[in-house]
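Listed below are the residues making up each chain.
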Amino acid sequence: MFSKLLLLIAVTCAVKASERPRGVSPTRAGSYQSGKDFTCLDSGETIPWQFVNDDYCDCKDGTDEPGTSACINGVFFCENRGHRGIYLTSSRVNDGICDCCDGSDEFEERIKCVNQCDEIGRQEREEREKFRLLQEQGYKVKQEYMQQGKRTKDEKRSRLSELEKQVTDLKSARDELQRKKDDAEGPEKEAKEKHEKAWEELKAERQALKDREKAVGVFAELDINNDNVVDFVEMLRHSEFDIDSDGSVSVEEAKEYLDDNEEVELETFQNKIYPNIKDIYKSLTENGQAPDQPLPDEMATPPPPPEEDASVPRTVPTPDGPADGSDIDDDDDEEDDYDKEDDEDEEEEERGEEAKTEQKKEEEQEDQMPPYDAETQKLIELADAVRSEYNEADTKVRDAENEINGLKKYLEVDYGPNEEYSSLRGQCFEYTDREYTYKLCPFDKAVQRPKSGGMETSLGTWGHWYGPEEDKYDAMKYENGQSCWNGPSRSCHVNLHCGTENKLTGASEPSRCEYQFEFTTPARCKHPQDVPTAHPHEEL
């Protein structure tokens with residue numbers, strides 16, 4: 001019975017197909033009735049039936065020549081049994097190229113077209129079935145994504161509401177601790193400032209004492225003739241007093257450092273002169289001069305003759321040796337003396353270094369402020385305890401505010417009509433070609449880096465969905481990437497495709513500074529009921 005029914009349908013279709021003029025689709029067959037005048041489908045003119053497909057264009061809309069190339073605006077329908085019907089522009093009829101898989105567009109004897117519709121149809125059906133299975137498998141994963149996405153969104157909304165209530169209480173507690181902290185830090189600050197002021201005064205007294213003591217030494221160094229005054233002549237030997245840097249210290253320059261005096265005594269030197277020269281003063285040794293270098297002529301005075309001690313007998317050397325008759329030291333004795341002197345010099349140098357180190361330690365200890373007294377320390381401990389409580393409360397407030405900001409940012413993003421794309425957030429995917437490794441972090445950024453290594457180049461940060469109006473979730477746009485040399489900022493267009501896994505499958509640069517990624521994800525798969533099992537006719 002079933003086979004007879006199929007046979008009846010096939011015969012009926014064949015009859016109807018034979019009744020239709022060449023190039024007319026089944027949907028338009030009712031407009032073409034053999035033997036009756038034909039009315040142009042769009043322009044409305046009426047012509048005799050024999051004018052249809054006579055290879056002459058009578059209708060302005062070209063509908064009278066569905067099976068020829070006479071009308072430039074005509075269309076030809078390929079039946080393509082075993083595959084699917086399609087429309088061609090009339091210019092492709094009898095042009096020597098087989099456009100219909102059944103060859104019906106080339107009906108002249110000179111062209112022989114092989115009917116390939118069954119094979120093409122079979123291949124296409126197989127591809128459609130693969131596509132349908134892919135969509136079906138991907139959609140199962142997508143359903144999990146949707147459930148998880150909705151659950152995550154609900155949890156974040158709930159958490160946001162909870163935190164917004166908590167942060168009010170946390171701020172109140174922090175404000176109360178702020179007041180306690182201010183109350184505790186006032187007495188603490190006052191006590192510490194009092195202690196530190198006393199210490200600074202003590203240090204100043206110590207420093208003043210050190211300066212006075214050092215001033216005595218400097219005074220003695222400057223008082224070359226030991227007359228208990230320092231005059232301008234004695235200042236001439238110190239090049240650090242050369243104000244105009246002309247290579248010598250003039251009388252005027254020397255007097256200027258002596259506060260316009262020709263000479264000063266120790267007390268005046270300590271109080272007025274030394275404070276002005278202590279930062280620049282250098283001893284003669286530091287200046288590269290010998291301390292016993294002769295004085296200028298105006299300072300030179302003959303030294304007093306040395307007094308002889310009558311109790312010490314004078315020895316007069318004789319040609320044969322010393323007057324006291326002692327033996328002359330040989331060379332070995334002299335070498336021993338030199339070695340002993342060297343050892344003594346080294347020991348003296350070591351003792352000097354040790355003394356300097358010890359002195360430095362003592363000075364460092366002297367510069368350290370003494371501990372606070374017990375009362376001040378108690379105030380510090382009390383303030384520290386309150387500060388610790390305040391800092392802990394402040395950290396809780398800041399952590400809550402940061403979490404609130406993060407939740408708001410998450411909830412502001414469009415993750416698809418059913419939150420299916422939210423599963424991609426926080427993940428990154430890579431694709432490597434011959435030169436670069438590309439990375440896509442959905443809802444965050446797109447970057448590239450040389451395959452050989454090096455810094456990442458930003459191709460853009462998440463912007464918005466970039467698909468057409470009827471399906472905006474078809475693509476993503478990442479914008480404001482790193483600027484190209486003498487060009488615009490980089491951007492990246494990501495095409496989304498259905499797949500059983502999340503995977504970056506391709507990357508290219510179709511135009512300068514504009515990149516294109518191909519990305520498969522189950523979130524892009526459709527419900528199996530929405531996947532067409534057959535292709536509709538491709539109408540022009």
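Residues numbered from 1 in each chain as written. Predicted model: local features only at pLDDT ≥ 70, side-chain atom pairs only at ≥ 80, totals over all residues. Heavy atoms only, no water.

**Looking at the confidence of the model for the protein chain**
Close reading of the predicted structure is inappropriate where its pLDDT is low. For the protein chain, mean pLDDT is 85; residues scoring 70 or higher make up 83% of the total. Taken element by element, the predicted model of the protein chain shows its lowest mean pLDDT in helix α1 (residues 2–19) (42) and its highest in strand β11 (residues 475–479) (98). Predicted confidence is poor over residues 310–323, with pLDDT under 50, and the contacts of this stretch with residues over four places away or in other chains come to five contacts. Across residues 535–540, where pLDDT falls below 50, the model places 14 contacts with residues more than four positions away in sequence or in other chains. (pLDDT = per-residue confidence, 0-100. Helix = DSSP H or I, 4+ residues; strand = E, 2+ residues; numbered from the N terminus. Contact = heavy atoms within 4.5 Å.)

**Comments concerning the packing of aromatic side chains**
Applying the stated criterion across every chain yields a total of 17 aromatic pairs. For the ring pair tyrosine 32 and phenylalanine 38, a centre distance of 4.7 Å and an interplane angle of 20 degrees mean the geometry is stacked. Note on accessibility: tyrosine 32 and phenylalanine 38 belong to one class, buried. Ring geometry for phenylalanine 443 and tryptophan 462: centres 4.9 Å apart, planes at 65 degrees, overall edge-to-face. Of the two residues, phenylalanine 443 sits in the loop between β8 (436–441) and β9 (445–450) while tryptophan 462 sits in strand β10 (residues 457–465), which places them 19 residues apart along the sequence. Taken together, Tyr410, Tyr415, Tyr421, Phe443, Trp462, Trp465, Tyr473 and Tyr478 form an aromatic cluster joined through their ring pairs. Against the face of phenylalanine 232 rests lysine 255, its NZ or CZ located 5.1 Å from the ring centre. Directly above the aromatic system of tyrosine 466 lies the positively charged group of lysine 477, at a separation of 4.7 Å from the ring centroid. (Phe/Tyr/Trp six-rings, centres within 6.5 Å; stacked < 30°, edge-to-face > 60°. Buried < 20%, exposed > 50% of the residue type's maximum accessible area, 1.4 Å probe, protein only. Lys NZ or Arg CZ within 6 Å of the ring centre and 35° of its normal.)

**Concerning the pattern of salt bridges**
Taken as a whole, this structure holds 30 salt bridges when the rule is applied. Across the salt bridge formed by glutamate 129 and arginine 132, the nearest N and O atoms sit 2.7 Å from each other. Pair noted here: glutamate 129 and arginine 132 are both in helix α2 (residues 117–222), with a separation of three residues, about one helical turn. Glutamate 129 sits in the partly exposed class, given a relative accessible area of 36%. We classify arginine 132 as partly exposed; its relative accessible area is 26%. The shortest N-O distance in the salt bridge between glutamate 456 and lysine 439 comes to 3.1 Å. Of this pair, glutamate 456 sits in the loop between β9 and β10 while lysine 439 sits in strand β8, and the two are 17 residues apart along the sequence. (Salt bridge = Lys/Arg side-chain N within 4 Å of Asp/Glu carboxyl O.)

**Some points on the sheet that holds β10**
Sheet architecture is open: eight strands sit in the order β7-β8-β9-β10-β11-β12-β14-β13, paired in mixed fashion. In this open sheet, the two strands that pair with only one neighbour each are β7 (429–432) and β13 (503–511). Averaged over all adjacent pairs, the angle separating strand axes in this sheet is 25 degrees, with direction ignored. Strand direction decides the pairing type here: β11 and strand β12 (residues 491–498), joined by four bridges, are antiparallel. The partner of tyrosine 478 across the bridge, within β12, is cysteine 492. (Pairing = 2+ DSSP bridges. Axes fitted to C-alpha atoms, helices over the stretch in contact; angles between N-to-C directions.)

**A short note on the pairing of β11**
One face of the sheet, then the other: side chains in a regular strand alternate in exactly this way. Counting buried positions over the five residues of β11 gives four, a clear majority of the element. Pairing between β10 and β11: four bridges, direction antiparallel. Its bridge partner being in β11, tryptophan 465 is matched across the sheet by methionine 476.

**As for the packing of α2 against helix α5 (residues 266–277)**
Here α2 crosses α5 at 110 degrees, and the two axes come no closer than 10 Å. Our classification of the angle between α2 and α5 gives roughly perpendicular. Here α2 runs over α5; the crossing is right-handed. Contacts between α2 and α5 involve Asp211, Arg212, Lys214, Ala215, Val216, Val218, Phe219 and Leu222 from the former and Leu266, Phe269, Gln270, Asn271 and Tyr274 from the latter. Considering only residue class, the contact of α2 with α5 consists of eight nonpolar, two polar and three charged. (Parallel < 35°, antiparallel > 145°, perpendicular 65-115°, else oblique. Left-handed = near helix turned anticlockwise from the far one by under 90°. Nonpolar A, V, L, I, M, F, W, Y, C, P; charged D, E, K, R; others polar.)

**A short note on unusual backbone geometry**
For serine 245, which is not glycine, the phi torsion reads 55 degrees and is therefore positive. Turning to its location among the elements, serine 245 is positioned in the loop between α3 (232–235) and α4 (251–257). Even without a glycine there, the phi angle at glutamate 419 is positive, about 60 degrees.

**Some remarks on the nonpolar core**
Formed by 26 residues in total, the largest nonpolar core has its most connected members in Phe443, Val494 and Phe517. Elements with a contribution of two residues or more to this core: β8, β10, β11, β12, β13 and β14 (514–521). Judged by nonpolar contacts, the second largest core, of 19 residues, contains Phe219, Met235, Phe269 and Ile277. (Core = buried A, V, L, I, M, F, W, Y, C linked by side-chain atoms within 4.5 Å.)

**Looking at the state of the cysteines**
Tallying each qualifying case throughout the model produces eight disulfides. Note on cysteine connectivity: cysteine 57 is disulfide-linked to cysteine 71, with sulfurs 2.1 Å apart. Residues cysteine 57 and cysteine 71 are joined through a disulfide that is right-handed, its torsion about the S-S bond being 115 degrees. In this pair, cysteine 57 sits in the loop between β2 (46–47) and β3 (75–78) while cysteine 71 sits in the loop between β2 and β3, placing the two residues 14 residues apart along the sequence. With relative accessibility at 27%, the residue cysteine 57 sits in the partly exposed group. Among the residues examined, cysteine 71 registers a relative accessible area of 0% and is labelled buried. Covalently, cysteine 98 is tied to cysteine 113 through a disulfide, its sulfur atoms 1.9 Å apart. (Disulfide = S-S within 2.5 Å.)

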